Structure formats: structure tokens, C-alpha cells
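Descriptive structure summary
The primary structure of each chain is shown beneath.
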Amino acid sequence: MTHYLEFEKPLAEIEGKAEELRAMARANEEMDVEAEAKALDKKADDLLKELYTNLTPWRKCQVARHPDRPHCKDYIEALFTEYTPLAGDRNFADDHAVMGGLARLGDTPVMVIGHEKGNDTKSRIERNFGMARPEGYRKAIRLMEMADRFGLPIITLVDTPGAYPGKGAEERGQSEAIARSTEKCLQVKVPLISVIIGEGGSGGAVAFATGNRILMLEHSIYSVISPEGCASILWKDAEKMREAAEALRLTAQDLQKLGVADTIIKEPMGGAQRNRDATIKSVGKALETTLAELTKSKPAALVKDRRKKYLDLGSKGLAA
């Protein structure tokens, strides 16, 4: 069943009518409705192009959060072979919001780490909606240290609203764990490629995305705070999230201009959720190209270039 976003309601009506006509034809073989159904299909395609040609930042937020977008687990299953999951931080517990392990991308052995949101009620609760606790970041640190020790490139798949803000997480050192994970990203002597596949929320995303290259899907977002959170702080009104999304410059297009994102990966018309396989394939190609480029660099150069990239952030600006 197709999940339609708020701004896609007119599209839902047209596609619904086309499906109704075809359902009637299936029930009555004497009915010939294909011409009318095809006309509605064309109208729906035209409307889809119109809606997605110039998405506002707030609409991009909605698309980035779409429940049917491919998640970390989908990318790992489709792109990587010989995936061996590694669990636990060797200190407290295993955080199911973060998954990672050894794998191969093509013929190259890599370490893959990512946020997993889940795809139904049960899995979303188990995965804590992709919001990692301190043990999740400490698990990521452990896996990055292992990758560094054995010379394995690191690939991170970022898709989180942010780190989990619960009492227990704070008691176990949430901010320190995020800082240590970010620090580890800067220290490793192997290529580190980060892909923002949906939401890149706050420090919870930065802890995985302090890489040599940041790849972003066309309709993904990456920001210091959610639009709703920003609106609540600045205007004491979460309903001003549209204005906040505009001001935060959180789209892949703005972030490329600011020097935060290096590559934008094009999505199928209508977003990744409309053609998951094509999206995953595009991400795979982008990863292979970027990995081939970075593996030519020496360890010292990788560390130096990564550090320079983040020290230079803020040197470019956008007109208000």
C-alpha cells in the first residue's frame, strides 16, 4: 500500500481513481477502461514531476522521513556481500539502533556502520526509531578502531532524527560518547565515506558523518537540529517548522554549496520510496567511485584532508 505525504494528496486521488477503474475492469471483463486509466496515469506522472521539481525545504524533510524509503538494513543486504554483523560495545549493551560489521563492497573488504530505523511498528520500537544511545556510539568506535587496525575502509549510512535524549542515555554519557565517536572519525587512517540516506539529525549524525567524503541523497537532509525543535526554541511554536526548515539550509543542494556535502546522489522521480532498487543501485555506484578515488591516498593524507575539511566548514556562506 502506497504511503502518501501531505503534499501528495492530489496525486493520491488521481492514482486512486486509476486503480479503481482497473479494479472495476478486473471484476467485469466486458468493461474497457484502459484508455481512461492511462489518461489518469499520465496526469499523475505530470503532477508527480510538478510536485518534485521544486520541493521546498520542509517538503524535503517530509520526503527524507518517508517510512518507505530504503533504510540501512536494505542497503547492506543489497550492496554488500559476506556481511558479518558485530554487536555490543564491550561495556554495557548492544544498541539495536546502530548496526555494523565486516562486509565486502564488490571485491573490497570494508567496515559498514549505520543507523537503522526499522520498517514496521515492532522493528521501529526495537531499533528505537534510529535514535542511538551511548552504547551505539561506543560500538561504532570499537568497529572503527578495528577497521583502522586492519586497514579496512569505513562506510557509514546515516539516517537518524538525532541521538536518543532519554534519562538513561544521559546518565551513561551520551554527549561524551558522541564526542568520542566524532573524534575517532577524525583519527582513523583509512578512507571514511558517509552517506546521508534520509535524516542527518544533529550530533547523532555528525558522530558517524565526519568523513573524508559526505554523499547525500537528493532529498535527504542534514542539520544541527530538527525544524520542529528549532521552531520551538526560536519562536516557541513548533508549527513554524516550515520557516525553520528554510532558515536551517538543511537540503543537500544548500549543503553542497556550503562545502558540507561533496556529492549529491540523484533519486528517482518521486523520491527514493518510489523506486527503492534504483536508489540503492545509485548509492552503490557512488560508493564504488568514491572508494576507488580515496584508496589512492596515503593514510597521512586521508587524516590531513579530513581534518582540513572540517576546519574549513563555515568559510563558505549563502546569501540570506
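Here the structure is a predicted model, which means the values were calculated and not measured.

Some thoughts on a nonpolar patch on the surface
On the surface, a nonpolar cluster with roughly 320 Å² of combined accessible area is contributed by Ile233, Leu234 and Trp235. Along the polypeptide, Leu234 turns up in helix α10 (residues 227-234).

Some words on helix α1 (residues 9-27)
With 19 residues, α1 should cover 27 Å at 1.5 Å per step; its first-to-last C-alpha distance of 27 Å lies within 8% of that length. For α1, the full list of buried residues reads Leu11, Ile14, Ala18 and Ala25. Each buried residue of α1 sits inside an arc of 75° when the element is viewed along its axis, so together they form one side. Across from the buried face of α1, at angles greater than 90 degrees, the exposed residues are Lys9, Glu13, Glu20, Arg26 and Ala27.

Side note on the nonpolar core
Formed by 33 residues in total, the largest nonpolar core has its most connected members in Ile113, Met144, Ile154, Phe208, Met216 and Tyr222. Within the residue set of this core, elements represented by two or more residues are β3 (108-115), α6 (134-150), β4 (154-160), α8 (174-187), β5 (192-201), α9 (202-209), β6 (213-217) and α12 (252-257). Excluding residues within four positions of it along the chain, Tyr222 makes contact with Ile196, Gly200, Ala205, Val206, Ala209, Met216, Leu250, Leu255 and Val260. Residues Leu79, Val112, Ile155 and Ile197 belong to the second largest nonpolar core, which totals 25 residues.

Description of empty space enclosed by the protein
Enumeration according to the criterion identifies one cavity of 30 Å³ or more in this entry. Space inside the largest cavity adds up to approximately 40 Å³. Forming the boundary of the largest cavity are Arg65, Thr160, Pro161, Glu199, Gly200, Gly201, Ile221, Ser223, Ile225, Ser226 and Pro227. Every element with two or more residues in the lining of the largest cavity is listed here: β5 and β7 (221-223). Here the element with the most residues in the lining of the largest cavity is β5; it accounts for three residues. Tallied by class, residues from the lining of the largest cavity come to four nonpolar, five polar and two charged.

Rules used throughout
Counting of residues starts from 1 at the beginning of each chain's written sequence and follows it residue by residue. Local features in a predicted model are, by the rule used here, given only for residues with pLDDT of at least 70; side-chain atom pairs are given and counted only at 80 or more, and totals for whole chains, interfaces and linings are based on all residues. For the side-chain quantities, the full set of heavy atoms in the structure was used; hydrogens and water were omitted. Two distance rules govern patches: like charges are joined within 9 Å, and nonpolar side chains (Val, Leu, Ile, Met, Phe, Trp, Tyr) within 5 Å, applied only to residues with over 30% relative accessible area and no salt bridge. To measure how exposed things are, a 1.4 Å probe is used in the Shrake-Rupley method; for residues, cover is taken only from the protein chains shown. Take a side-chain nitrogen of Lys or Arg and a carboxyl oxygen of Asp or Glu: if they are within 4 Å of each other, that pair is a salt bridge. For the purposes of this entry, the term helix denotes a DSSP run of H or I that reaches at least four residues, the term strand denotes a run of E that reaches at least two, and both are numbered from the N terminus. By this rule the span expected of a helix is its residue count minus one, scaled by 1.5 Å. Remark: exposure states derive from per-residue accessible area (1.4 Å probe, protein chains only) relative to the maximum for the residue type, with buried under 20%, exposed over 50%, and partly exposed in between. Comment: arc refers to directions from the helix axis out to C-beta atoms. As used in this record, nonpolar core signifies buried Ala, Val, Leu, Ile, Met, Phe, Trp, Tyr and Cys residues forming a set joined through side-chain atoms within 4.5 Å. In what follows, residue pairs with any heavy atoms lying within 4.5 Å of each other are defined as contacts. Grid points spaced at 1 Å and placed over the protein atoms alone form the basis of the search, with a cavity being a set where a 1.4 Å probe fits but cannot get out and a pocket an open set showing protein on both sides within 12 Å along at least five of seven lines. Lining residues have an atom within 4 Å of a point. Grid points are joined across faces, edges and corners, and a volume is the space filled by probe spheres set on the points. Classification used: nonpolar for Ala, Val, Leu, Ile, Met, Phe, Trp, Tyr, Cys and Pro, charged for Asp, Glu, Lys and Arg, polar for all others including Gly.

Don't take any of this as a statement about function, it's just geometry.
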